[in-house]
Amino acid sequence: SVFALFSWLWAVPLTLLFTTPEYLGTPNQPGSDTAFVLMSVPMFLNGFVLYAFYVFLAQHRWKQLIGGFTVGVVFTIILNVTWTKAYGFPGAAWTLILVHLGLAALLLPQALRAVPIDLPLKWIGRWLLFSAILAGLLYLLVPFLDSGLKTVIAGTLMIPIIGMIGWGMGLGDEVRKV
């Protein structure tokens, strides 16, 4: 959730870090910041897809893996051919979102049947609280990120802050128990 939150909430500062204001979206035209926001969804979903990928790989069930990814490739090609031509990069981003949703919905249940995960509600609650605290902090920092240098400094300072939030919530202790 960390990368997805940065991509979503810091879309404008990250765009300005790499480009100029001319690349920002307007009410009538999507921009690079739109791409960051849209890409936050597949960034989040990719964790579920990767879990399924490694479960199938570890169990030598590559045929299921190839089957699932083949479906994803076919949909990617079909949607990209139609949506990218019609809608540009937002169409490509929506393709990626739908394909990741489909892959997660197709592969994750199979992977969880093969290697069940017993996540106590306490862990899920801690992760949700961690994500909410991080989202709030990122949101509050956005008005101050009016230059590339400030964005780099704030992003760098967020590394130990994220660690402290996680440590303070006992997330490291929970991972060590596994």
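Description of the structure in this document. Bear in mind that the values here come from a model prediction, so they are computed numbers and not experimental data. (Residues numbered from 1 in each chain as written. Predicted model: local features only at pLDDT ≥ 70, side-chain atom pairs only at ≥ 80, totals over all residues. Heavy atoms only, no water.)

Considering the packing of aromatic side chains
Heads up, the condition is: Only the six-membered ring of Trp is used, alongside the rings of Phe and Tyr, when aromatic pairs are assigned; centres must lie within 6.5 Å, and planes under 30 degrees apart are stacked while those over 60 apart are edge-to-face, with the rest tilted. Think of it in three bands: residues with accessible area under 20% of the maximum for their type are buried, residues over 50% are exposed, and the middle band is partly exposed, with areas taken using a 1.4 Å probe on protein chains only.
Scanning all chains against the criterion turns up five aromatic pairs. On the numbers, 5.0 Å between centres and 85° between planes, the contact of Phe-6 with Trp-10 is edge-to-face. Trp-10 shares its class with Phe-6; the two are buried. Pairwise contacts between aromatic rings join Phe-44, Phe-48 and Trp-127 into one cluster.

With respect to the packing of helix H3 (residues 32-58) against helix H5 (residues 89-114)
Here is the rule: For helices, the fitted line uses only the C-alpha atoms of the stretch in contact; every axis is such a line through C-alpha atoms, and the angle between N-to-C directions lies from 0 to 180 degrees. A helix here means a DSSP run of H or I that spans at least four residues, while a strand means a run of E at least two residues long, and both kinds are numbered starting from the N terminus. Each angle receives one of four descriptions, namely roughly parallel if under 35 degrees, roughly antiparallel if over 145, roughly perpendicular if within 65 to 115, and oblique otherwise. Working rule for handedness: look at the near helix, and if it is turned counterclockwise from the far one by less than a right angle, call the crossing left-handed; if clockwise, right-handed. Gly is placed with the polar residues, together with every amino acid not listed as nonpolar (Ala, Val, Leu, Ile, Met, Phe, Trp, Tyr, Cys and Pro) or charged (Asp, Glu, Lys and Arg).
Put simply, H3 and H5 touch, their axes get as near as 8 Å, and they point 20° apart. Our classification of the angle between H3 and H5 gives roughly parallel. Judged by the twist between their axes, the crossing of H3 over H5 is left-handed. Grouping the constituent residues of the contact of H3 with H5 by class yields 26 nonpolar, five polar and no charged.

Considerations on the nonpolar core
Operational definition: Buried Ala, Val, Leu, Ile, Met, Phe, Trp, Tyr and Cys residues that are joined via side-chain atoms within 4.5 Å together make up what is termed a nonpolar core. The contact criterion used is simple: two residues touch if any of their non-hydrogen atoms lie within 4.5 Å.
Core analysis: the largest hydrophobic core is formed by 15 residues, its most contacted members being Trp-10, Leu-134, Leu-138 and Met-158. The set of elements that each furnish at least two residues to this core consists of helix H1 (2-9), helix H6 (121-141) and helix H7 (148-168). Apart from the residues within four sequence positions on either side, Met-158 is in contact with Phe-6, Trp-10, Leu-134, Leu-137, Leu-138 and Leu-141. If you look at the next biggest cluster of nonpolar residues, it comprises ten residues, including Val-49, Val-55, Phe-56 and Ala-111.

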